[in-house]
Amino acid sequence: MAAVALCACGPEGGERVVDISNAVPGDLEEVATSWELVALDEREVPLAEVSDVKRYGDRIFVKSGVDFSLSSHPKIYMVEGGRVAGVLDAYGRGSGEYQSLESFAYCPQTAELIINDRRLKGFRRYRVPELTWVSDEPAGRYFQTFETLDATHSVIALEPDGDEPGGPAIWNHAEGKVDYFEEVESRLLAESFGALRMTREPGGKVLVGVMGRETAIRRASASGFEPAGGVSFKPDPFAPFWDETDEQKAYQAFVSVMESGGEFGIGADAPLVSGNKLAFWYLATVEEGPEDGWRPAVWTPQGSRTWSELRVEGYPEPLRIVGSGEGQWCSVLLLELLEDVPAPKGKLYPKLRELAAQGCETVLLFYSVI
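What counts as what
- Residues numbered from 1 in each chain as written.
- Predicted model: local features only at pLDDT ≥ 70, side-chain atom pairs only at ≥ 80, totals over all residues.
- Heavy atoms only, no water.
- Helix = DSSP H or I, 4+ residues; strand = E, 2+ residues; numbered from the N terminus.
- Buried < 20%, exposed > 50% of the residue type's maximum accessible area, 1.4 Å probe, protein only.
- Contact = heavy atoms within 4.5 Å.
- Pairing = 2+ DSSP bridges.
- Axes fitted to C-alpha atoms, helices over the stretch in contact; angles between N-to-C directions.
- Salt bridge = Lys/Arg side-chain N within 4 Å of Asp/Glu carboxyl O.
- Polar contact = N/O pair within 3.5 Å; in protein donor to acceptor, adjacent residues only side chain to side chain.
- Phe/Tyr/Trp six-rings, centres within 6.5 Å; stacked < 30°, edge-to-face > 60°.
- Lys NZ or Arg CZ within 6 Å of the ring centre and 35° of its normal.

Draft legend 1. How the structure looks around the environment of Ser103. If you trace the backbone, Ser103 turns up in strand E9 (residues 101-107). Take Ser103: its relative accessible area is 7%, and that puts it in the buried class. For the pair formed by Ser103 and Ala195, sequence separation is 92 residues and the distance between their alpha carbons is 9.8 Å. Not counting residues up to four positions away in its chain, the partners in contact with Ser103 are Ile114, Ile115, Asn116, Gln144, Thr145 and Phe146.

Draft legend 2. Structural view of the pairing of strand E14 (residues 153-158). Of all six residues in E14, six are buried, a share of seventy percent or more. The alternating pattern of E14 places His153, Val155 and Ala157 and Ser154, Ile156 and Leu158 on opposite faces, both of which are buried. Sheet analysis places strand E13 (residues 143-148) next to E14, joined by four bridges and oriented antiparallel. Opposite Glu147, over in E14, you have Val155 as the bridge partner.

Draft legend 3. Just the side chain of Arg218, in detail. Examined against the element boundaries, Arg218 turns out to sit in strand E19 (residues 215-221). The class for Arg218 is buried, based on a relative accessible area of 15%.

Draft legend 4. Fine view of the sheet that holds strand E6 (residues 59-64). The eight strands lie next to each other as E4-E27-E26-E25-E5-E6-E7-E8, forming an open sheet whose pairing is mixed. Strand pairing shows two members of the sheet lacking a second neighbour, strand E4 (34-40) and strand E8 (83-88), which therefore form its edges. Geometrically, the sheet is characterised by an average inter-axis angle of 25 degrees between neighbouring strands, direction not taken into account. Bridge analysis of strand E26 (residues 328-334) against strand E27 (residues 362-368) gives six bridges, and the strand direction is antiparallel. The residue bridging Cys330 from the neighbouring strand is Phe366, located in E27. Sheet strands in contact with helix H5 (residues 348-357) are E4, E26 and E27, and its direction is about 5 degrees off that of E4.

Draft legend 5. Main features of the pattern of salt bridges. For the coordinates displayed, the defined rule picks out 23 salt bridges. The salt bridge involving Lys75 is made with Asp89; its shortest N-O contact spans 3.8 Å. Here Asp89 lies in the loop between E8 and E9 and Lys75 lies in strand E7 (residues 75-80), a separation of 14 residues in the sequence. Classification of Asp89 by relative accessible area gives partly exposed; the value is 41%. Between Arg295 and Glu263 there is a salt bridge, with the nearest N and O atoms lying 3.0 Å from each other. Here the residue Arg295 occupies a position in strand E23 (residues 294-300), and Glu263 occupies one in the loop between helix H4 (247-258) and strand E21 (266-274), the gap between them amounting to 32 residues. A relative accessible area of 12% means that Arg295 is categorised as buried. Because the salt bridges share partners, they merge into one network encompassing Glu201, Lys205, Arg219 and Glu226.

Draft legend 6. The arrangement of the side chain of Asn172 in detail. Topologically, Asn172 is positioned in strand E15 (residues 167-172). On the accessibility criterion, Asn172 (5% relative accessible area) is buried. In terms of polar contacts, Asn172 uses its side chain to reach the side chain of Asp179, at 3.1 Å. Those residues in contact with Asn172 that sit more than four places away from it in its chain are Thr152, His153, Lys177 and Asp179.

Draft legend 7. Spatial organisation of the packing of aromatic side chains. Per the stated rule, a full pass over the model turns up 17 aromatic pairs. Ring geometry for Phe238 versus Phe264: centroids 5.5 Å apart, planes at 80 degrees, classification edge-to-face. Of this pair, Phe238 sits in the loop between strand E20 (224-234) and helix H3 (239-243) while Phe264 sits in the loop between H4 and E21, and the two are 26 residues apart along the sequence. For Phe238, a relative accessible area of 0% corresponds to the buried category. According to the relative accessible area criterion, Phe264 is buried, its value standing at 1%. Members of the aromatic cluster, each reached through a chain of ring pairs, are Phe238, Phe241, Trp242, Phe254 and Phe264. The lysine or arginine in question, Lys54, covers the ring of Phe146, its NZ or CZ lying 5.7 Å from the ring centre. Positioned above the aromatic ring of Phe366 is the side chain of Arg55, whose terminal nitrogen or guanidinium carbon lies 4.7 Å from the ring centre.

No statement about biological role is implied by the geometric values presented.
So this is what it looks like as structure tokens:
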């Protein structure tokens, strides 16, 4: 296993800085470089609240429900052409059933939907399109998010475990071991890193954001990791945390900032890279709750831009990221919430109103800002 510690030093010369003090509201149609609507046909299979979305070419997988919900258990809906073509609903204790659906990914090379079952401490595989159980693959370590790279490799977010550090790793499914590992030096950051979304790029490589004094973006392949970019935030109230060597004092410094009620910047969730441009979501506040505190940001050689919220004309709520496509972000729009806009200025609202008139209830909005 090859292991590399991710250093906490800042960007050379300080040239890659995202200024979070200038975050302003934005209109998606004004800032997006591309967008696409996918209407979900729920006439035969209605969806519960969507908690995660991943797109692989013509196939989209939608997770609904969360493990800690008392009212329902998580399921994964396979969507093809807007139609729900199958549902993975195998919650239970029997053979091929899952007890904890932490995360999932699709492997196009083997046509398998793979889930991370924390009770198993490993992977469960299901054949696509049948969504029937194929095999279990214990890993022996807890991990949170993951994404497939090819038929035999995935990138996983290993959690710290005892004396074992956490960080991004390349898992070799064929040999049941880690081939490459990059340690996140702070245990606290390693635990937080595991919840960040990874983003597939066209071609199959995966982008991983790692928290630190410099937010590092790594590009993962079966051959290991390579740098894809990095930024630091300005202003940075976490300075006492980065500089503290005592673990307990560092923890207190981190929590102090998180509980301050002020604004900060730490990330990066669902990173995108296009040439020398970077985009991602960063946690800016927990005052209203962690789900409401995420904001999008872009860095280019010409400067940075952050938005306090992104909105779609006629939709009353700001966009929240719930998943990704290949080089895209994904948000969910519930068309029953559409407001009346007599003279819309953009192109999105008329399309949404048309879909609502056709009886559509849920739309997936895939988009990019770089």
